[in-house]
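# Tertiary structure, described
Take a look at the letters that make up each chain.
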Amino acid sequence: MAEAVRTLIILGATGDLTSRLLLPALGQLLTREPQRRLELVGVGTSDWTTAHWRSVVRKSFATVKASGDSVDDLLSSTRFTSADVTKPDALKELLGAAEGTPALYFALPPAVTKDVCAALAQIELPEDLRLALEKPFGTDKRSAAALNRRLTALVPEDHVHRIDHFLGNSTVQNLFGLRFANRIFEPLWSTEHVERVDIVFDEQLGLEGRAGYYDHAGALVDMIQSHLLQVMAVVAMEPPSTMSAADLRDAKELVLRATKVWDDDAVAASHRGRYTSGTIDGRTLPDYVDEQGVDPAQGTETLAQVTFAVGNWRWSGVPFTLRSGKAIGTLRHEIVLTFRQAHHVPTGLRGVAHPSQLRIKLGPDEMVLEVNTNGPGNPRYLSRSELHADFGPGSLLAYGEVLAGVLDGDPALSVRGDTAEECWRIVAPVLKAWRDGDVPLDDYAAGSEGPADWSVIP
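Bear in mind the structure is a predicted one, so any value in this text is a computation, not a measurement.

The tally for this structure, following the rule as stated, stands at 7 aromatic pairs. A centroid spacing of 6.5 Å and a plane angle of 35° characterise the contact between W48 and W53, whose relative ring orientation is tilted. Between W315 and F320 the ring centres are 5.2 Å apart and the planes differ by 85°, which places this aromatic pair in the edge-to-face class. Linked through ring pairs, W48, W53 and F80 together constitute an aromatic cluster.

A word on the nonpolar core. In this structure, L26, F61, Y105 and L358 are the most contacted members of the largest nonpolar core, which totals 115 residues. In this structure L26 touches L8, L38, L40, F61, L74, L403 and L407, once residues within four positions along its chain are discounted. In this structure, A83, A90, L125 and L133 belong to the second largest nonpolar core, which totals 28 residues.

We now examine the environment of H193. Within the element layout of this structure, H193 appears in the loop between helix 7 (170-180) and strand 7 (194-202). With a relative accessible area of 31%, H193 lands in the partly exposed category. Each C-alpha atom, one on H193 and one on Q341, is 8.5 Å from the other, the two residues being 148 residues apart in sequence. H193 has contacts with P187, L188, F339 and R340, leaving out every residue within four places of it along the chain.

A negative phi angle characterises most non-glycine residues, just as the trans form characterises most peptide bonds. Note the cis peptide between K135 and P136, where omega equals 0°. Non-glycine residue D263 carries a positive phi angle of around 60°. Assignment of secondary structure puts D263 in the loop between strand 8 (259-261) and helix 10 (266-269). For D263, a relative accessible area of 61% puts it in the exposed group.

Structurally, E291 can be placed in the loop between strand 11 (283-285) and strand 12 (303-310). As a buried residue without a salt bridge, E291 has its nearest oppositely charged side chain in R283, at a separation of 8.1 Å. The residues touching E291, leaving out its near neighbours within four places in the chain, are L207, Y275 and P286.

Taken across its 9 residues, strand 7 has 7 buried, putting it largely inside the fold. Relative to strand 14 (residues 332-339), strand 7 is paired through 8 bridges, and the arrangement is antiparallel. Of the residues in strand 14, the one forming a bridge with I199 is I335. Relative to strand 13 (residues 319-325), strand 7 is paired through 6 bridges, and the arrangement is parallel. Note on strand 13: the bridge partner recorded for I199 is L322.

Looking now at the sheet that holds strand 18 (residues 414-415). An order of 3-2-1-4-5-6-18 is seen for the 7 strands of this open sheet, with the pairing classed as mixed. If you trace the sheet from one side to the other, it starts and ends with strand 3 (79-82) and strand 18, each paired once. Along the sheet face, helix 4 (residues 88-96) touches strand 1 (5-11), strand 2 (39-44), strand 3 and strand 4 (101-106) and points at about 150° away from the line of strand 1.

Here R435 shows up in helix 12 (residues 417-435). Measuring from C-alpha to C-alpha, the distance between R435 and L94 comes to 42 Å, with 341 residues separating the pair along the chain.

Okay, the pattern of salt bridges next. Evaluation of the coordinates by the stated rule reveals 26 salt bridges. As a salt-bridge pair, R210 and D222 come within 3.8 Å of each other at their nearest N and O atoms. With R210 in the loop between strand 7 and helix 8 (211-236) and D222 in helix 8, the pair connects residues that are 12 residues apart, well separated along the chain. Looking at D222, the relative accessible area reads 5%, which means it is buried. A salt bridge links E238 to R314, with the nearest nitrogen and oxygen atoms 2.7 Å apart. Pair noted here: E238 is in the loop between helix 8 and helix 9 (245-257) and R314 is in the loop between strand 12 and strand 13, with a separation of 76 residues, a long-range link. The class for E238 is partly exposed, based on a relative accessible area of 35%. For R314, a relative accessible area of 9% puts it in the buried group.

About the cut-offs
Every chain is numbered on its own, with residues counted from 1 as its sequence reads. Local features in a predicted model are, by the rule used here, given only for residues with pLDDT of at least 70; side-chain atom pairs are given and counted only at 80 or more, and totals for whole chains, interfaces and linings are based on all residues. Hydrogen atoms and water are omitted, and side-chain values are computed over all heavy atoms in the structure. Two rings from Phe, Tyr or Trp (for Trp, the six-membered ring) form a pair when their centres are within 6.5 Å of each other. A pair whose planes differ by under 30 degrees is stacked, one over 60 is edge-to-face, and the rest are tilted. Working definition of a nonpolar core: buried Ala, Val, Leu, Ile, Met, Phe, Trp, Tyr and Cys residues. They are joined through side-chain atoms within 4.5 Å. Note on classification: 1.4 Å probe, protein chains only; a residue is buried when its accessible area is under 20% of the maximum for its type, exposed when over 50%, partly exposed between these limits. Here, two residues are considered to be in contact whenever any of their heavy atoms come within 4.5 Å of each other. Only runs of H or I of at least four residues qualify as helices and only runs of E of at least two qualify as strands under DSSP, and these elements are numbered from the N terminus. Note on charges: Lys and Arg go in the positive column, Asp and Glu in the negative column, and His and the chain ends are not counted at all. Note on definitions: salt bridges are taken to be side-chain nitrogens of Lys or Arg within 4 Å of carboxyl oxygens of Asp or Glu. Should DSSP find at least two bridges between two strands, the strands are regarded as paired. Note on geometry: axes are lines fitted to C-alpha atoms, helical ones only across the stretch in contact, with angles between N-to-C directions running from 0 to 180 degrees.

In structure tokens form, the structure reads like this:
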């Protein structure tokens with residue numbers, strides 16, 4: 001069993017990621033586990049005082065009603081240090097003052113993370129040091145491989161936690177039980193019975209002040225290359241022998257190694273769009289190109305849709321379509337399995353026999369099985385029935401789940417290095433086709449469901 005982290009050092013602690021996501025998740029985790037003891041150190045280049053930092057932590061904890069002995073201990077001891085963490089001496093001092101096993105959480109831009117890693121290479125590191133990094137992991141396969149070499153020169157691979165909070169989502173976690181603990185589902189989970197798989201993450205929110213990052217990334221890199229390919233891997237993976245990090249990450253990697261763009265045709269298999277002005281729930285959004293900080297010349301997409309093939313025995317011939325967009329009229333976060341039609345519907349049953357569908361919703365966390373049934377009314381007339389199961393929210397926020405993995409030394413919910421590289425390899429043909437202008441950038445009005453001439457995802 002790995003040694004539990006005793007000191008969590010957040011680099012870039014003054015940023016929005018820390019106060020909005022990391023700290024609430026940490027407060028919730030400590031509330032659930034009052035026996036856990038943790039020193040928290042915030043680090044940034046701002047001239048914050050420890051008193052101000054404690055007020056930020058306390059305010060973030062209050063959003064999740066964090067309480068208990070471990071919360072009180074952390075609030076009374078947490079401190080803030082102003083430092084340039086690209087300097088070896090500053091990192092040496094931070095790590096030297098850490099109690100027990102330390103973890104460095106990089107809440108930093110990728111370019112700064114690279115400089116911090118270079119500085120870490122110049123000092124002696126604690127034996128059990130853990131490193132936690134936010135996406136993006138590089139900008140292409142080559143840069144991701146270079147970053148991986150840099151990281152594993154510092155610490156072993158299983159001490160590197162590449163954070164993807166989608167893997168901590170409670171419904172994504174529920175996929176393991178749904179698939180592998182129910183004989184009713186797993187025998188149907190293959191090309192013989194499944195016609196298509198769609199994973200959709202459409203948001204009603206627009207840019208929300210994130211131009212500095214988003215205008216360089218776009219929907220394909222921000223969502224599909226990272227999060228949705230990881231979700232797809234969980235949906236499509238073979239049954240693991242155990243729930244250990246090694247078995248789970250091996251199973252995901254095998255799926256991704258078999259994944260490529262549908263028919264090897266990135267032009268036909270992909271679509272991209274960008275929102276124009278419109279209204280969503282009474283809010284008026286401007287054209288994306290008029291949002292503050294956006295460079296229209298970048299040609300950044302806010303809606304991406306790509307169809308992939310998983311070239312293995314289980315999924316041969318089944319299209320996996322991944323889609324994510326901003327400023328879409330209907331919020332939609334779901335995984336949809338569309339089953340093949342019945343081999344034969346007896347003559348005399350009237351009405352339309354729609355394909356059965358299993359909808360696994362990522363928020364609210366629920367499952368809906370849509371099937372054909374008889375009645376009510378005429379017993380020979382087919383109608384549609386829905387069977388609902390409410391998963392309910394998980395006991396921890398998604399970031400709480402992945403933080404627990406970092407603190408406990410369990411990388412099951414983090415992205416392995418080879419997998420990070422594989423995801424870049426998968427989308428590379430699409431990125432090239434888009435850069436070359438081979439796929440048009442279609443407009444859609446904010447508040448619509450996307451460009452009218454795109455194929456509809458059921």
